[in-house]
Structure formats: C-alpha cells, structure tokens
Amino acid sequence: YTLALKGAKIGELLRNFRLKRAAQILKEDGEKVTQVAYAVGFNNLSYFAKCFKTLFGVSPSAYAKKSS
C-alpha cells in the first residue's frame, strides 16, 4: 500500500518540499550550498545536488549564482 497524492509518493513530496525550501534559501539568503543542504535535511551533498538538478534543471551553485 502506497500513500500518494496526485501520483507522487510521500517521500517524493517531502523531498521536493525540502528542495523548494533550499532554492528559496539560496535565492533570498545567499547561503552556501553545503549549509543549505544540511539545513533542509540532506546529509549527502551529492544526492542533494542530483535531486536539485533533477527538479530545477541546474545545479544548486548555478541556481544560487543565477539568483544573485
């Protein structure tokens, strides 16, 4: 039995919420990518970067540069 909302698994929803929060922090606060990844609950930086790029189409560092 899989809990789902519009076809997305709960884990995916939570991960995407955390990634969107990370993007918001990168855009508004200009924090370092490493600090942001840990702040939103990612312990593996390469996994964070991979998921971020999948969702936003650019790496977290490129996103931060583009937003500044």
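You'll find the structure just up there.
Below or above, wherever it landed, is the structure these notes cover.

About the criteria used
Residues numbered from 1 in each chain as written. Predicted model: local features only at pLDDT ≥ 70, side-chain atom pairs only at ≥ 80, totals over all residues. Heavy atoms only, no water. Helix = DSSP H or I, 4+ residues; strand = E, 2+ residues; numbered from the N terminus. Buried < 20%, exposed > 50% of the residue type's maximum accessible area, 1.4 Å probe, protein only. Contact = heavy atoms within 4.5 Å. Areas by Shrake-Rupley, 256 points an atom, 1.4 Å probe, with all protein chains shown as cover. Phe/Tyr/Trp six-rings, centres within 6.5 Å; stacked < 30°, edge-to-face > 60°. Core = buried A, V, L, I, M, F, W, Y, C linked by side-chain atoms within 4.5 Å.

1. A short note on the overall build of the chain
Then, in step 1: Within the chain one finds four helices and two strands.
Then, in step 2: Across the 68 residues of the chain, 24% fall into the buried class.
Then, in step 3: Sequence separation of 24 or more characterises 44% of the internal contacts of the chain that already satisfy a separation of 6 or more.
Then, in step 4: Working note: accessible area of the chain is about 4,900 Å², and carbon and sulfur atoms make up 54% of it.

2. Points about the packing of aromatic side chains
Then, in step 1: Under the definition given, this model contains six aromatic pairs.
Then, in step 2: Ring plane angle 45 degrees and centroid distance 6.0 Å describe the contact between F42 and Y47, whose orientation is recorded as tilted.
Then, in step 3: On the basis of relative accessible area, F42 is assigned to the buried category, the value being 2%.
Then, in step 4: The class for Y47 is partly exposed, based on a relative accessible area of 37%.
Then, in step 5: Summarising the aromatic geometry, the rings of F56 and Y63 are spaced 5.5 Å apart at their centres and angled 50 degrees between planes, so their arrangement reads as tilted.

3. A few points about the nonpolar core
Then, in step 1: Within the largest apolar cluster, 14 residues are counted, with the highest numbers of intra-cluster contacts made by L19, L26, V40, F42, F48 and F52.
Then, in step 2: Counting only elements with at least two residues in this core, the list comes to helix 1 (10-29), helix 2 (33-39), helix 3 (45-56) and helix 4 (60-67).
Then, in step 3: It is helix 1 that contributes the most residues to this core, five residues altogether.
Then, in step 4: Contacts of F52, omitting those with residues within four sequence positions, involve L19, A23, L26, G57, V58, S59, P60 and Y63.

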